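Here's the letter readout for the chains.
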Amino acid sequence: MIATLTFAAAAVAAATPAPPPSPARLRADVATLVGFGTRHTASTTTDPRRGIGAARDWAAEQFRVIGASCGGCIRVERIERSFTGPRAPGGVVVQDVLGIQPGRDPNRVVIVGAHIDSRVSDVMDTTSDAPGANDDASGVALVLEAARLLAGRQFDATIVYAVFSGEEQGLWGATLLADTAKARGWQVSAMLNNDIVGNTIGQGGKREDRYVRVFSEGIRASEDMAGQIARRGNGGEDDGPSRALAKAIDGIAAKGRFGLGIFLDRRPDRFGRGGDHEPFLKLGYPAVRFSVANENWDAQHQDLRTEKGVVYGDTIDRMDFPYLAKVTAINVATLARLAAAPAAPPSATIAGALSRDTTVTWPAVPGAVRYRVQWRRTDSPGWTDTREVVGGTTTILRQVPVDDHFVGVSAIGANGAESLVTFAGR
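Focus on the sheet that holds strand E13 (residues 370–377)
As summarised here, the arrangement of the 4 strands in space is E14-E13-E16-E17, forming an open sheet in which the pairing is antiparallel. Two strands close off the open sheet at either side, each with one partner strand: strand E14 (385–389) and strand E17 (422–423). Where E13 and E14 come together, 5 bridges link them in antiparallel fashion. Bridge pairing links tryptophan 375 to aspartate 385 in E14.

This is how it looks when you write it as structure tokens:
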């Protein structure tokens, strides 16, 4: 009886909306990060007030303080590895700072991350001031605020709050964590990368504060040729795990009171560019990138200067903290839902060739009390019909011909939290 009441209380706690993010705290965190002068990955690690070392120490201390406030519910971990490449020919030690909030399942994780390093026009310049307010102190502030808002709550999955280094040198910090996740056998349900998420006035002065872009892949980077051919045959180009994650975020934003919509950008990232979610995609983990609606390229990767009346540099005065708070709130709601939910079904299959009916089958998921089978016509971008299935892992959709419909399955826990949708194919 006590165990039942404890689980019920935990379920209620997990489903309770988090408090709203604080624009003032977000501003204070960004101001502190800007105050380290430069956070270039190869900048000093011994100066207590300037450089990447001081910035990482400060981030670790924030996680320690947050963890202490909830009786040790978040532990701090640092992982590191030496990388060498064109942007660090002599090699550099890349270190990630992690805040880990253990769930009931220590091996299933949901990750929210951002990169702490910054740069100026010359990516090899390790000493000039590189405030990196929006790129990407905004994302780091979001990660820290998410930890503050979710600390003390018990979830099924473990939440990993990640502060990466080495993004500007080659996505090295994200590569380090993705490799660490694989080596530790983590089952990654989702990875949310937040990079440039704090401005609303873009290039040329255009303002856009109605939405945030969420980038996601369709065909999976991790699929071999046989897998890609199979997905093409099933028609699942728009329904891979990362696209399912992006659609889930869109649904969360639409149902919440965030005052911000989602631009569901059907690309892995901006055209010809990349970010810290990509190493996770390469290993098959669902991952997306949040980024502002309108970028200001005069404020990205620029020396601090004024030329012909144009002010260059990634400074804090260009940011919109109420907007950043809204992006943070959507991240927090997504983390809470997915960490509270069971894992998505590992697979789902459909059958029904030469039939008016479609049979859907999937493996049982630990912690699921029911499943939601969803379907839509193949000319529709979003799920239009659903069926709840209790006590089984198969169902027959009558008069839903397989030739003309897509089908997916999600798992639902006792607290009502729903996993991502797994696309069903052959």
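There's plenty left to go through after this.
Section: the sheet that holds strand E15 (residues 394–397)
The antiparallel open sheet is built from 3 strands, whose spatial order is E11-E12-E15. Only two strands of the sheet have a single neighbouring strand rather than two, namely strand E11 (349–351) and E15. In this sheet, neighbouring strand axes are inclined to one another by 20° on average, regardless of whether the strands run parallel or antiparallel. Bridge analysis of E11 against strand E12 (residues 358–361) gives 3 bridges, and the strand direction is antiparallel. Counterpart to alanine 351 in the pairing with E12 is threonine 359.

Considerations on the packing of aromatic side chains
Enumeration according to the criterion identifies 8 aromatic pairs in this entry. A connected cluster of aromatic rings, assembled from ring pairs, spans Phe164, Phe280 and Tyr285. It is arginine 305 that lies over the ring of tyrosine 312; its NZ or CZ is 4.0 Å from the centre. Sitting over the face of the ring of tryptophan 383, arginine 376 holds its NZ or CZ atom 4.5 Å from the ring centroid.

Conventions and cut-offs
- Residues numbered from 1 in each chain as written.
- Predicted model: local features only at pLDDT ≥ 70, side-chain atom pairs only at ≥ 80, totals over all residues.
- Heavy atoms only, no water.
- Pairing = 2+ DSSP bridges.
- Helix = DSSP H or I, 4+ residues; strand = E, 2+ residues; numbered from the N terminus.
- Axes fitted to C-alpha atoms, helices over the stretch in contact; angles between N-to-C directions.
- Phe/Tyr/Trp six-rings, centres within 6.5 Å; stacked < 30°, edge-to-face > 60°.
- Lys NZ or Arg CZ within 6 Å of the ring centre and 35° of its normal.

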